[in-house]
Amino acid sequence: MRDIRTLGDPVLRTPADPVETFDRELRRLIDEMFQAMYAVNGVGLAGPQIGVSRRLFVYDISGRKGHVINPVLTVDDAEEVLDEEGCLSVPDKGTGLPIYAPVARAAGVTVEGVDRLRRPVRIKARGQLARCFQHETEHLDGRLYVDRLPKSEARKIALRA
């Protein structure tokens, strides 16, 4: 099982490379990502979070499960929704559980990409699924949810992580 990389690991701050090879290794990677995500009760996981600097993520949230390779995110409804958000890569040192903070995200998005067989994927999302897609896509750009917080709040979280 692959370990989840945590705050301070440079792979989390490096933009991921596009996936170019669609083979058995990629299919195994996606399966391993689901295993790693479920092992820690996550709802989404991006390649860099397990040390793989490739543009893909898996998710299982709000009754929807899947993966997206080389995702492109479009905001459909820019109204910001403030809600608690945490990240498997930002765990509390003491408990090992994600540290949650209120984060504003767009109310509605569309993610487009391909699946493991290069079939087109296009998903319109609202609510927690939209939040998940935004969160995971930011991981692929080398960003974390703490980057959206006021500096004082982000510093408090960094000290706990």
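Figured I'd write up the structure that's included with this text. (Residues numbered from 1 in each chain as written. Predicted model: local features only at pLDDT ≥ 70, side-chain atom pairs only at ≥ 80, totals over all residues. Heavy atoms only, no water.)

**Quick word on the nonpolar core**
Counting 17 residues, the largest nonpolar core has Phe57, Tyr59, Ile123, Leu129 and Phe133 as the members making the most contacts within it. Breaking this core down by element, the ones donating at least two residues are β2 (56-61), β4 (101-114), β5 (120-126) and α2 (127-140). Looking at this core, the element that brings in the most residues is α2, giving five residues. If we skip the residues at most four places from it in the chain, phenylalanine 57 touches Met33, Leu45, Ala46, Gly66, His67, Val68, Pro71, Val111, Phe133, Glu136, Thr137 and Leu140. Within the second largest apolar cluster, 16 residues are counted, among which are Leu29, Ile30, Ala36 and Ile50. (Core = buried A, V, L, I, M, F, W, Y, C linked by side-chain atoms within 4.5 Å. Buried < 20%, exposed > 50% of the residue type's maximum accessible area, 1.4 Å probe, protein only. Helix = DSSP H or I, 4+ residues; strand = E, 2+ residues; numbered from the N terminus. Contact = heavy atoms within 4.5 Å.)

**A closer look at the sheet that holds strand β1 (residues 44-46)**
Reading across from one edge, β1-β2-β3-β4-β5 is the order of the five strands in this open sheet, with antiparallel pairing throughout. One side of each edge strand has no neighbouring strand; the edge strands of this open sheet are β1 and β5. For this sheet the average axis-to-axis angle between neighbouring strands, irrespective of direction, equals 30 degrees. Summarising the sheet, β1 and β2 pair through three bridges and their orientation is antiparallel. Looking across to β2, one finds that leucine 45 is bridged to valine 58. Together, β1, β2 and β3 (64-85) form the strand contacts of helix α1 (residues 24-39), whose direction differs from that of β2 by roughly 45 degrees. (Pairing = 2+ DSSP bridges. Axes fitted to C-alpha atoms, helices over the stretch in contact; angles between N-to-C directions.)

**Considerations on the pairing of β2**
Note on strand geometry: in a regular strand, side chains alternate between the two faces of the sheet. In terms of burial, β2 is a largely internal element, five of the six residues being buried. Across six bridges, β2 lies against β3 in antiparallel orientation. Pairing of tyrosine 59 across the sheet is with glycine 66, part of β3. Where β2 hands over to β3, the hairpin turn is made up of two residues, of which serine 62 adopts a positive phi near 55 degrees.

**Here we look at the packing of aromatic side chains**
Tallied over the full model, the rule gives four aromatic pairs. With 6.2 Å between their ring centres and 55 degrees between their planes, phenylalanine 57 and tyrosine 59 make a pair best called tilted. Accessibility assignment for this pair places phenylalanine 57 and tyrosine 59 in one class, buried. Pairing tyrosine 59 with phenylalanine 133 gives two aromatic rings, centres 5.0 Å apart and planes at 85 degrees, and the pair type is edge-to-face. Placement of tyrosine 59 in strand β2 and of phenylalanine 133 in helix α2 is noted, with a sequence separation of 74 residues between them. (Phe/Tyr/Trp six-rings, centres within 6.5 Å; stacked < 30°, edge-to-face > 60°.)

**Some points on the pattern of salt bridges**
Here the idea is simple: oppositely charged side chains can pair when their charged atoms come close. Summed over all chains, the structure comprises 17 salt bridges. Between arginine 105 and glutamate 85 there is a salt bridge; the shortest N-O distance is 2.7 Å. Of this pair, arginine 105 sits in strand β4 while glutamate 85 sits in strand β3, placing them 20 residues apart in sequence. Of the two residues examined, arginine 105 and glutamate 85, each falls in the buried class. Among the salt bridges present, the one from arginine 131 reaches glutamate 85, with a minimum N-O distance of 2.6 Å. Of this pair, arginine 131 sits in helix α2 while glutamate 85 sits in strand β3; the two residues are 46 residues apart in sequence, bridging distant segments of the chain. As far as the burial class goes, arginine 131 and glutamate 85 line up, both buried. What you see here is one network of salt bridges that share partners, running through Glu85, Arg105, Arg131, Glu138, Arg143 and Arg148. (Salt bridge = Lys/Arg side-chain N within 4 Å of Asp/Glu carboxyl O.)

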